Amino acid sequence: MAASTHSTNIRSGDGFEVLKEKAFRPEGERMAVPYAGDDKEAKEVFHKLLDDIGFQGVDIGDLKMGRHMEPDQTLYNKELTEQEIKTRIKP
């Protein structure tokens, strides 16, 4: 039987210290963190994890949408609100 694989792409480029500084903020002040993936269940788990550590998860779609989080792309290493993220990835 083939092994099951799950893949989710999250915002990259943030150093540990930046994330540590911005974690556990109250609702309305949370840093938005985009993520993409093809596995619905894995994305639900990841969204819950982000919420548990004080970030606002933003599902931007399937794994190919992760291209927006690659270096020099629209979401790479940018601190944006959920609305700004959604606006930047519109076709």
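All of these numbers come straight from a predicted model, not from anything done at the bench.

**Observations concerning the overall build of the protein chain**
Reasoning step 1: Tallying secondary structure elements over the protein chain gives 3 helices and 3 strands in all.
Reasoning step 2: Reading the secondary structure of the protein chain in the N-to-C direction produces β-α-β-α-β-α.
Reasoning step 3: Within the protein chain, the proportion of its 91 residues that are buried is 31%.
Reasoning step 4: Looking at the protein chain alone, contacts between residues at least 24 apart form 67% of all its contacts between residues at least 6 apart.

**A closer look at the pairing of strand β3 (residues 56-59)**
Reasoning step 1: Relative to β3, strand β2 (residues 32-37) runs parallel, the two being bridged by 4 bridges. If you follow Pro34 over to β3, its bridge partner there is Val58.
Reasoning step 2: In terms of handedness, the path from β2 via helix α2 (residues 40-52) over to β3 forms a crossover that is right-handed.

**Digging into the packing of aromatic side chains**
Reasoning step 1: Within the structure shown, the criterion is met by 1 aromatic pair.
Reasoning step 2: Consider the rings of Tyr35 and Phe46, whose centres lie 5.4 Å apart with planes at 70°: the pair is edge-to-face. With a gap of 11 residues between them, Tyr35 in strand β2 and Phe46 in helix α2 connect regions that are remote in the sequence.

**Thoughts on the pattern of salt bridges**
Reasoning step 1: For the structure on display, the rule yields 6 salt bridges.
Reasoning step 2: One salt bridge in this structure joins Lys43 and Asp59, with 2.9 Å as the shortest N-O distance. Taken together, the residues span a long stretch of sequence, with Lys43 in helix α2 and Asp59 in strand β3 at a distance of 16 residues.
Reasoning step 3: Look at Lys43 and you get buried, because its relative accessible area is 11%.
Reasoning step 4: Counted as one network, the salt bridges with shared partners bring together Glu27, Arg30 and Asp51.

**Quick look at the environment of Pro26**
Reasoning step 1: Inspection of the secondary structure assignment puts Pro26 in the loop between α1 (16-22) and β2.
Reasoning step 2: Note on Pro26: relative accessible area 45%, which makes it partly exposed.
Reasoning step 3: For the pair Pro26 and Gly54, spaced 28 residues apart in sequence, the C-alpha to C-alpha distance is 7.0 Å.

**Looking at α2**
Reasoning step 1: Over its 13 residues, α2 extends 18 Å from the first C-alpha to the last, a length consistent with the 18 Å expected when each residue adds 1.5 Å.
Reasoning step 2: Taken together, the buried positions of α2 are occupied by Lys43, Phe46 and Leu50. Buried residues in α2, looked at end-on, bunch into an arc of 65°, giving them a common side. α2 presents Glu41 and Val45 as exposed residues on the side facing more than 90 degrees away from its buried surface.
Reasoning step 3: For α2, the side-chain oxygen to backbone nitrogen distance between the N-cap and Glu41 is 3.1 Å, and the N-cap itself is Asp39.
Reasoning step 4: Looking one or two places after α2, you find Gly54, whose phi comes out positive at around 85°.

The rules behind these values
- Residues numbered from 1 in each chain as written.
- Predicted model: local features only at pLDDT ≥ 70, side-chain atom pairs only at ≥ 80, totals over all residues.
- Heavy atoms only, no water.
- Helix = DSSP H or I, 4+ residues; strand = E, 2+ residues; numbered from the N terminus.
- Buried < 20%, exposed > 50% of the residue type's maximum accessible area, 1.4 Å probe, protein only.
- Contact = heavy atoms within 4.5 Å.
- Pairing = 2+ DSSP bridges.
- Right-handed = clockwise from strand over helix to strand, strands pointing away.
- Phe/Tyr/Trp six-rings, centres within 6.5 Å; stacked < 30°, edge-to-face > 60°.
- Salt bridge = Lys/Arg side-chain N within 4 Å of Asp/Glu carboxyl O.
- Expected span 1.5 Å × (residues − 1).
- Arc of directions from axis to C-beta.
- Polar contact = N/O pair within 3.5 Å; in protein donor to acceptor, adjacent residues only side chain to side chain.

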